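# Structure at a glance
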Amino acid sequence: MHDKQDESLVVLIEEFLTARATRKPSPHTLAAYRRDLHAVAALVAEATPLPLDALSITDLSPRVMRAAFARFAAPRAPASVHRAWSTWNSFFTFLVADGFVAGNPMPAVGRPRALLPQPKPLRGADTPEVLLASAARDDGRQRDPWPERDVAVLAVALCAGLRLSELLALRVDSLGGRPGERRVEVAGKGGRPRVVPIEADLDRVLRDYLDSRVRRFGPRSVRPDSPFLVDRRGEPLRRGGLQYLVESCYRRAGIGDRVPRGARLHALRHTFATRLAEDGASAAEIMRLLGHASLASSQTYIEVTAGQQRDAVRANRTNRALAGLVPPG
């Protein structure tokens, strides 16, 4: 085992984060790790006469960690406390593996029971249809309306269940496959790729958007490696721009009161999953289509054929709302 006396806690935290970075977590996830580690470490430092940068790993006994987590938990939601506990547990597991400490004190630290996040779909039986129909109208109040692009964004989220980051990562050549076997290739969370089948009506909506983009910016704007989503100047759509676009679609449709708080764009993905479940898709099909983190462990005992996945997407009734938005090509 290493000589632990001079091991700085702050330095070891950075070593842990560097090791975690090789797993390619999202910047948001890595930032959450850092916040949780530093927040609890700061509480440990407050309980000692030492500043944070003078804390040693030997200062983190089970008793000290229990006291720090008790203070950390007081003003926070159970989910936040559980996430921080998991982060610290991973940190100590890293330290044990590298020989910095003899054992992990976290089993001696209480934690709240992890609650499964509740789905937050759009409320109202016809809300997706109202939203799509509103986005397809050329609203004279907009300075530079682009209904084809707006419908494409909403449709691919509602009918393919993509996350915000996955939407932004799409390229023009992410769409592929023969007629009747069209699909979108998704760069999923944690770098896990997946393929989501798309039906003819959604395919027509997406091709209509690309055609409108050629009219606006010329054929070079739809090269295979070009970003799939762009703003009104033809520049790649950014996170804030995509969120604003979806929010403006909600406002124009007058459905702001049907969108759950804290799940503005994510409500479209939840609506996709909820309607799949309501229309008969199995849990395994939904897990595969959404690319949940538990998919890797589930694949050992759940195998869903491509045909079953396509049947599940075909059963999603939001697809039928797209039928009248674009004339058959």
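Below is a short write-up of the structure. (Residues numbered from 1 in each chain as written. Predicted model: local features only at pLDDT ≥ 70, side-chain atom pairs only at ≥ 80, totals over all residues. Heavy atoms only, no water.)

## Topic: the overall build of the protein chain
Scanning the protein chain for helices and strands turns up 14 helices and three strands. Within the protein chain, the proportion of its 329 residues that are buried is 44%. Long-range contacts, defined here as pairs at least 24 residues apart, represent 65% of the contacts in the protein chain between residues at least 6 apart. For the protein chain, the accessible surface area stands at approximately 16900 Å², while carbon and sulfur atoms represent 54% of it. (Helix = DSSP H or I, 4+ residues; strand = E, 2+ residues; numbered from the N terminus. Buried < 20%, exposed > 50% of the residue type's maximum accessible area, 1.4 Å probe, protein only. Contact = heavy atoms within 4.5 Å. Areas by Shrake-Rupley, 256 points an atom, 1.4 Å probe, with all protein chains shown as cover.)

## Let's talk about the sheet that holds strand β1 (residues 175–176)
In spatial order, the strands read β1-β2-β3; together these three strands make up an open sheet with antiparallel pairing. Here the strands that pair on one side only, and so sit at the sheet edges, are β1 and β3 (193–197). Across five bridges, the pairing between strand β2 (residues 183–187) and β3 is antiparallel. Paired with R183 across the two strands is P197, which belongs to β3. (Pairing = 2+ DSSP bridges.)

## A word on the nonpolar core
A general feature of soluble globular proteins is that nonpolar side chains tend to end up buried together. Counting 56 residues, the largest nonpolar core has L131, L167, L242, Y250 and L268 as the members making the most contacts within it. Secondary structure elements with two or more residues in this core: α5 (127–136), α6 (147–160), α7 (164–169), β2, α8 (200–217), α9 (239–253), α10 (266–278) and α11 (283–290). Among the elements that make up this core, the one with the highest residue count is α6 (10 residues). (Core = buried A, V, L, I, M, F, W, Y, C linked by side-chain atoms within 4.5 Å.)

## Some words on the side chain of T318
Here T318 shows up in helix α14 (residues 318–321). T318 sits in the buried class, given a relative accessible area of 0%. Here the side chain of T318 touches R275 through a polar contact of 2.9 Å, side chain to side chain. Setting aside anything within four residues of it in sequence, one finds T318 in contact with P128, E129, L132, L158, C159 and R275. (Polar contact = N/O pair within 3.5 Å; in protein donor to acceptor, adjacent residues only side chain to side chain.)

## Quick notes on the packing of aromatic side chains
Scanning the entire structure with this criterion turns up 10 aromatic pairs. Note on Y209 and F228: the rings are 5.3 Å apart at their centroids and 70° apart in plane angle, and the pair reads as edge-to-face. Linking Y209 in helix α8 with F228 in the loop between α8 and α9, this pair joins segments that are 19 residues apart in sequence. You can call Y209 buried: its relative accessible area is 0%. Take F228: its relative accessible area is 2%, and that puts it in the buried class. (Phe/Tyr/Trp six-rings, centres within 6.5 Å; stacked < 30°, edge-to-face > 60°.)

## Details of the pattern of salt bridges
Counted by the stated rule, this structure contains 17 salt bridges. A salt bridge links E166 to R194; the nearest nitrogen and oxygen atoms lie 2.8 Å apart. Pair noted here: E166 is in helix α7 and R194 is in strand β3, with a separation of 28 residues, a long-range link. Each member of the pair, E166 as well as R194, is classed as buried. Note that D201 and R204 form a salt bridge whose closest N and O atoms lie 2.5 Å from each other. Note that D201 and R204 are positioned in helix α8 at a spacing of three residues, about one turn of the helix. The same class applies to D201 as to R204, namely buried. One continuous salt-bridge network, built from bridges that share partners, spans R149, D150 and R252. (Salt bridge = Lys/Arg side-chain N within 4 Å of Asp/Glu carboxyl O.)

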